[in-house]
Amino acid sequence: MWYPILLTALTAYLLGNLNGAVCMSTLLEKDDVRNHGSGNAGLTNFLRSYGGWKTLLVVLIDMGKILGHEQDTAWLAEEVEMLTALINDKLWSEEDAFYYDMWRTGLSGVKSIGAYWTLLADIVPAERLPRLIAHLENPAEFKRPHRVPTLSADHPEYNEHGDYWRGSVWAPTNYMVLKGLERVGYHDLAHEIACNTLDNVVKVFLETDTVWENYSSEHVRPGNPAKTDFVIDKTSL
């Protein structure tokens, strides 16, 4: 009777002494978070050193420890590695230098702003970064008068007035692009896009006396359609 109790206690002790920040930096970065920043193996130092999504893993692992469910979070690091490999192997088009959604018939071929979540996740191989980011600098694609439209301007369904996800500019997706660019070291481009966004939003605000859910990528006006009744939390980003 005592053997299962002893085994459970020993397992709980060993798992309880695992540090989420050290484990994740070792597994994902082949590094030790204690070699960076403040030298602490804490959440704040991990966030500064490795970025947001990996910090979420540390939070989940630490939550598992507190709640006594360490075994339920052990798979997270393997899941990240599997998804990273899957995205880079299956969703990347070498010809177009872009990450596409996967349809039943293959890659969609639709260049959407969603591809740039890969920057924020920090899963883009270094040799692919310049070509992927070049699309943001191409006037025929994402470098429109108001950056960054949700759909590339060279797509036949692109709408200069927005039509929601067919070309509108949204604060949350722009924020994602900015933080992703910062994450991979493209600070000048992030600053350029941020200034462009702020300039356009302010101009529309001066004309309409409000902020909007989304904006036209071609004109200094709200997107069509766009709402104003619940968007402070989005556009204030």
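Below or above, wherever it landed, is the structure these notes cover. (Residues numbered from 1 in each chain as written. Predicted model: local features only at pLDDT ≥ 70, side-chain atom pairs only at ≥ 80, totals over all residues. Heavy atoms only, no water.)

**What about the environment of Gly 162?**
- Relative to the elements of secondary structure, Gly 162 occurs in the loop between helix 7 (129-134) and strand 5 (169-170).
- Residue classification places Gly 162 among the buried positions, given a relative accessible area of 0%.
- Spatially, the C-alpha atom of Gly 162 lies 8.2 Å from that of Pro 149, the residues being 13 residues apart in sequence.
- Beyond its immediate sequence surroundings of up to four residues, Gly 162 is in contact with Gly 167, Ser 168 and Asn 224. (Helix = DSSP H or I, 4+ residues; strand = E, 2+ residues; numbered from the N terminus. Buried < 20%, exposed > 50% of the residue type's maximum accessible area, 1.4 Å probe, protein only. Contact = heavy atoms within 4.5 Å.)

**Details of unusual backbone geometry**
- With an omega of 5 degrees, the peptide bond running from Arg 147 to Val 148 counts as cis.
- Relative to the elements of secondary structure, Val 148 occurs in the loop between helix 7 and strand 5.
- Residue Pro 225 follows Asn 224 across a cis peptide bond; omega there is 5 degrees.
- With respect to the helices, strands and loops of the structure, Pro 225 is situated in the loop between strand 6 (214-215) and helix 10 (232-235).
- Here Tyr 164, not a glycine, exhibits a phi torsion of approximately 60 degrees, which is positive.

**Digging into the environment of Asn 200**
- One can find Asn 200 in helix 9 (residues 187-208).
- In this structure the C-alpha to C-alpha distance between Asn 200 and Tyr 215, which are 15 residues apart in sequence, comes to 8.6 Å.
- Contacts of Asn 200, omitting those with residues within four sequence positions, involve Pro 145, His 146 and Val 220.
- Looking at Asn 200, its side chain comes within polar contact range of the main-chain oxygen of Asn 196, at 2.8 Å. (Polar contact = N/O pair within 3.5 Å; in protein donor to acceptor, adjacent residues only side chain to side chain.)

**Side note on the pattern of salt bridges**
- Scanning all chains against the criterion turns up twelve salt bridges.
- Residue Lys 111 pairs with Glu 141 through a salt bridge whose shortest N-O separation is 3.4 Å. Taken together, the residues span a long stretch of sequence, with Lys 111 in the loop between strand 4 (106-107) and helix 6 (117-121) and Glu 141 in the loop between helix 7 and strand 5 at a distance of 30 residues.
- A salt bridge links Arg 147 to Glu 137; the shortest N-O distance between them is 3.0 Å. Here Arg 147, found in the loop between helix 7 and strand 5, pairs with Glu 137, found in the loop between helix 7 and strand 5; they are ten residues apart in sequence, far enough to count as distant.
- Judged by its relative accessible area of 35%, Glu 137 falls in the partly exposed class.
- One salt-bridge network, in which partners are shared between bridges, spans Lys 111, Glu 141 and Asp 154. (Salt bridge = Lys/Arg side-chain N within 4 Å of Asp/Glu carboxyl O.)

**Digging into the side chain of Ser 217**
- Among the structural elements, Ser 217 can be located in the loop between strand 6 and helix 10.
- Classification of Ser 217 as buried rests on a relative accessible area of 0%.
- Within the structure, Ser 217 has its side chain in polar contact with the side chain of Tyr 158 (distance 2.4 Å).
- Side-chain polar atoms of Ser 217 contact the backbone oxygen of Gly 167, separated by 3.2 Å.

**Some points on helix 5 (residues 76-90)**
- In this model helix 5 runs 21 Å from its N-terminal to its C-terminal C-alpha over 15 residues, within 8% of the 21 Å that 1.5 Å per residue would give.
- All buried positions along helix 5 are accounted for by Leu 76, Ala 77, Val 80 and Asn 88. In a view along the axis of helix 5, the buried residues occupy a sector of 105 degrees, so they form one face of it. Exposed and facing more than 90 degrees away from the buried side of helix 5 are Glu 78 and Asp 89. (Expected span 1.5 Å × (residues − 1). Arc of directions from axis to C-beta.)

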